[in-house]
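Observations on chain architecture
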Amino acid sequence: MSNLANGIESVHGAAAAMSADVRERADPALVRADRVEQLYSQLPLGLAVTVVIGVIAAIELHEGRLIEPVLFWAGLLAVVVVLHGLLYLGYRNDAHRSAHTAQWLRWLGIGAFAAGAVWGVAAAVFFPSQADERQVFLAFLLAGVISGGIPMYAASWPLFAAYAAAIALPFTYVLATFGNHLFAEIALLIPLFYGVSVAIAYRLNGVFLSGYRLRHAYQRQRVELEEARRQIEASGRKLALFAERSPIAVLELDGEAVVHDVNEAAELLFGYGADELSGASVKRLVLPTYHAEFDREWQRLVASRQPLSATKIRNLRRDGLTVVCEWTVTPLVNREGELVSVIAQGRDVTAQLEAERMKKEFTSTLSHELRTPLTSIIGSLQLINAGVLGEAPKDVMDLTEVAERNSQRLLDIINDILDIEKIDSGKLTLNPQVLRLDDLVREAMVLNKGFGERFKVRFEAKGELTKHEVKADHKRLLQVMTNLLSNAAKFSPEGEVVEITAEEQGPWLRVAVHDRGPGIPEAFRARIFGRFNQADSTTSRQKGGAGLGLAICKRLIEMMRGRIGFQDRDGGGTTFWFELPTHA
Amino acid sequence: MPERALERICYVEDDEDIQRIVRMSLERVGKMKVEVVSDPNLAIGVIARFKPDLVMLDWMMPGMDGPTLFRKMKQQAETATLPVVFITAKATQRDMEELVALGAAGTISKPFSPKDLPDQLRAIWAKLP
């Protein structure tokens, strides 16, 4: 998805650049490489012309003169030409020339100045010593080589400026110092001619530069557009694959609830082919009895454009069977706020609902079918153990007591499991009433006295129990107290006293059960209020319980807007406490 | 609180084992007179003949459940005013509240303690007008 977004973003970026000056987007390094390439590509032509002009000039200048200066000059020109030739070859053989543009431009600048200087030398040396017509020839020649330099060096005007200056400066000096009035005037015109030439070169340079920049900017844009197109294509393919291979039925609908496209899962779920579903109203997949309701919901969806999620609909399959599907329906709206299409994603939850129903039924059955026989077992044993039926031999009584105790243990576990199930399914409801905390604590102590005696542990209230009231479920709060007291009894050494306090702490009333047990192992502290948790798995066999008690207590106390916790006790043992808000 | 002590109990319950335990509990521990009915369809006739002080109904019974029987009793002149206590293993708090609202005298959840059952019933009896 993010790729698609990126792709669209790049396209927007490219489009935005088009409307601004695209030339700004050209890479300056690439533009410079283009300029250098342009300058070097003209070098062979320039050299050829220089050789031709040089030969003509040498022949013309040596007429009736000493041969040595002419040869010297021609030699200079030849050296410059050869060096330029080498420069050209060096440039062409540099595999990384585009990375070395600054260096190649510098060498060419030096070359241009040297070439200009050779022509300048010709002006300085030969002009004064020639007859009139040869002076005209020389002036014409120099003007020609200056002008010829404009197209040669147009890709870099400073090169031309250096080249032309090397010719014009000596020539101007010679003309100005010749002593001839006309020549002095011409000397004044040469800088003007120079300036105009440089200006033209500068303008041409600008045109070239603009061209290069445009070329690179468009090239760059083309690459980016291509990349964006590729990304969009990939995202599109990915999206198509998501829908195609998804185990969830996906349907694309229009604003009139007409199907436009469906994936394979939808075909499988409803038993229709994509071609059969497309073009028809999606209502054929909805039970006719729900059509009116569907229309209302659909109108609301199209009007509000708010997506629907976890909407359960009874759907009709081709074979006439119905399935319950959970739908997520999302209207797609474009930038202009128009509804483009509606995407409906559905999952068959029939089996899941059936499983939930069966779980509920199972729990209910468990509750009834296990408790009813236990009622008979515990009831019978209690009647025997209470001595209602007369005294039995001691061994028999010992065994019936064992049987009663263990039946009770089994019952406690069943009750805990049922409580957890109720908590999970949100069915645990409380019956809050205003209770005096001291009464409740005393009631719990009386109820659990027998349990304590079994472990040879006494429950004792320490200090004065608060008489303040809480709003809580009486039965459930007793269940919490029973849990804490029985845990304390189970883990206390024989003969110990478990102390119970109930005191006011700010807006809270805090009940605490203090034992002298072995304490809570470090590794167990974090999960003590979790499910099926006991510090030592052998404990459950020795002491009874499924390890659900504290998990249930925590949930119960939280439902009564309180909190529960524990801490180490000074002198050994543990204090388990819960706090409930004081009832005002 | 009724002037005389609680003596005669009619118990409608399909489970024979529980019938026996309840009978033993009420007769031996509570020193009460007990009539047990297994078939809820015959219950109204038995109750009318036995004239108990209080009726105990099981919640879940084949044929007719406790609440249905309770509503039927309400429609019969001989049984309409009798206090009814439900014994149940699965009723939720809400179900119980609903029954009390309908006029049930009380509820006892299974498993109950046969040692304490007579006292539980007497406590409910004591609260009656």
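Let me sum up the structure you'll find in this document. All figures in this text were calculated on a predicted structure; none of them were measured in a lab.

What counts, and at which threshold
- Residues numbered from 1 in each chain as written.
- Chains lettered and ligands numbered in written order.
- Predicted model: local features only at pLDDT ≥ 70, side-chain atom pairs only at ≥ 80, totals over all residues.
- Helix = DSSP H or I, 4+ residues; strand = E, 2+ residues; numbered from the N terminus.
- Buried ≥ 20, exposed ≤ 12 C-beta atoms within 10 Å, placed from the backbone.
- Contact = placed C-beta atoms within 7 Å.
- Core = buried A, V, L, I, M, F, W, Y, C linked by C-beta atoms within 7 Å.
- Pairing = 2+ DSSP bridges.
- Axes fitted to C-alpha atoms, helices over the stretch in contact; angles between N-to-C directions.
- Right-handed = clockwise from strand over helix to strand, strands pointing away.
- Nonpolar A, V, L, I, M, F, W, Y, C, P; charged D, E, K, R; others polar.
- Expected span 1.5 Å × (residues − 1).
- Arc of directions from axis to C-beta.
- Left-handed = near helix turned anticlockwise from the far one by under 90°.

**Overview of the overall build of chain B**
Along chain B, the regular secondary structure elements total five helices and five strands. From first element to last, N terminus to C terminus, chain B shows the α and β order β-α-β-α-β-α-β-α-β-α. Within chain B, the proportion of its 129 residues that are buried is 38%. A fraction of 61% describes how many contacts in chain B between residues 6 or more apart in sequence connect residues 24 or more apart.

**Some points on the nonpolar core**
Residue and element names in this part refer to chain A. Core analysis: the largest hydrophobic core is formed by 47 residues, its most contacted members being A123, L142, Y153, F160, Y163 and I167. Breaking this core down by element, the ones donating at least two residues are helix 2 (28-41), helix 3 (43-62), helix 4 (67-93), helix 5 (101-126), helix 6 (132-152), helix 7 (157-176) and helix 8 (181-245). Residue contributions to this core peak at 13 residues, all from helix 7. The contacts of L142, once residues within four sequence positions are left out, are W119, A123, I167 and F171.

**A few points about the pairing of strand 11 (residues 563-568) of chain A**
Residues and elements named next belong to chain A. Pairing between strand 11 and strand 12 (residues 574-581): six bridges, direction antiparallel. Counted as the bridge partner of F566 is F576 from strand 12. From the end of strand 11 to the start of strand 12, which pair antiparallel, there are five residues, and G571 there has a positive phi angle of about 85°.

**Observations regarding the sheet that holds strand 7 (residues 458-461) of chain A**
Residues and elements named next belong to chain A. Spatially, five strands are ordered 7-9-10-12-11 in an open sheet, and the strand pairing comes out mixed. The strands lining the two open edges of the sheet, one partner per strand, are strand 7 and strand 11. Between one strand axis and the next, the sheet turns by 20° as a mean value, whatever way the strands run. Bridge count between strand 10 (residues 508-514) and strand 12: seven bridges; the pairing is antiparallel. Paired with V513 across the two strands is F576, which belongs to strand 12.

**Some remarks on unusual backbone geometry**
Phi is positive for R561 of chain A, which is not a glycine, with a value near 65°. By the secondary structure assignment, R561 of chain A is in the loop between helix 18 (549-559) and strand 11. Its identity is not glycine, yet K51 of chain B carries a phi of approximately 50°, on the positive side. Along the polypeptide, K51 of chain B turns up in the loop between helix 2 (40-50) and strand 3 (54-58).

**Side note on the pairing of strand 1 (residues 8-12) of chain B**
All names here are of chain B. Taking burial as the measure, the five residues of strand 1 include four buried ones, the bulk of the element. With five bridges joining them, strand 1 and strand 2 (residues 33-37) adopt parallel strand pairing. Paired with Y11 across the strands is V36, a residue of strand 2. After leaving strand 1, the chain enters helix 1 (residues 16-29) and then returns to the sheet as strand 2, a path that is right-handed. Taken together, the four bridges between strand 1 and strand 3 define a ladder with parallel strand orientation. Its bridge partner lying in strand 3, Y11 is registered against M56.

**Some thoughts on the sheet that holds strand 5 (residues 106-109) of chain B**
Whenever strands of a sheet pair, they do so through backbone hydrogen bonds, lying parallel or antiparallel. All names here are of chain B. With respect to topology, five strands assemble into an open sheet ordered 2-1-3-4-5, the strand pairing being parallel. The open sheet has two edge strands with one neighbour each: strand 2 and strand 5. Geometrically, the sheet is characterised by an average inter-axis angle of 20° between neighbouring strands, direction not taken into account. As paired strands, strand 3 and strand 4 (residues 84-88) are joined by four bridges and run parallel to one another. Note on strand 4: the bridge partner recorded for D58 is I87. Against the sheet, helix 1 contacts strand 1 and strand 2, and its axis sits at roughly 165° relative to strand 2.

**Observations concerning the interface of chain A and chain B**
The interface is formed by 18 residues belonging to chain A together with 19 residues belonging to chain B. For the side of chain A that touches chain B, the element with the most residues is helix 12 (residues 350-385) of chain A, which contributes 13 residues. Its residues placed into classes, the side of chain A that touches chain B shows six nonpolar, eleven polar and one charged.

**What to know about the environment of P493 of chain A**
Among the structural elements, P493 of chain A can be located in the loop between helix 16 (474-491) and strand 9 (497-505). Considering only alpha carbons, one finds P493 of chain A and D515 of chain A, 22 residues apart in sequence, at a separation of 9.2 Å.

**Things to note about the environment of I384 of chain A**
All names here are of chain A. Assignment of secondary structure puts I384 in helix 12. Each C-alpha atom, one on I384 and one on E404, is 9.8 Å from the other, the two residues being 20 residues apart in sequence. If we skip the residues at most four places from it in the chain, I384 touches L389, A392 and T400.

**Brief notes about helix 3 of chain A**
Residue and element names in this part refer to chain A. Over its 20 residues, helix 3 extends 28 Å from the first C-alpha to the last, a length consistent with the 28 Å expected when each residue adds 1.5 Å. All of the buried residues along helix 3 are G46, T50, G54, A57 and L61. Within helix 3, the buried residues cover an arc of 75° as seen down the axis, which keeps them to one side. Pointing more than 90 degrees away from the buried face of helix 3 are the exposed residues P44, L45, A48, V52, V55, I56 and I59. Contact partners of the buried residues in helix 3: helix 4, helix 5 and helix 6.

**Structural notes on the packing of helix 2 of chain A against helix 5 of chain A**
All names here are of chain A. Between helix 2 and helix 5, whose axes approach to 10 Å, the crossing angle comes to 35°. Taken as a pair, helix 2 and helix 5 cross one another with a handedness that is left-handed. Residues R32, A33, V36 and L39 of helix 2 form the contact with helix 5, whose own contacting residues are T101, W104, L105 and L108. Of the residues belonging to the contact of helix 2 with helix 5, the class tally is six nonpolar, one polar and one charged.

**Overview of helix 4 of chain A**
Across its 27 residues, helix 4 of chain A extends 38 Å between first and last C-alpha, which sits within 8% of the 39 Å expected from 1.5 Å per residue. Along helix 4 of chain A, the residues that are buried comprise V70, W73, A74, L77, V80, H84 and Y91 of chain A.

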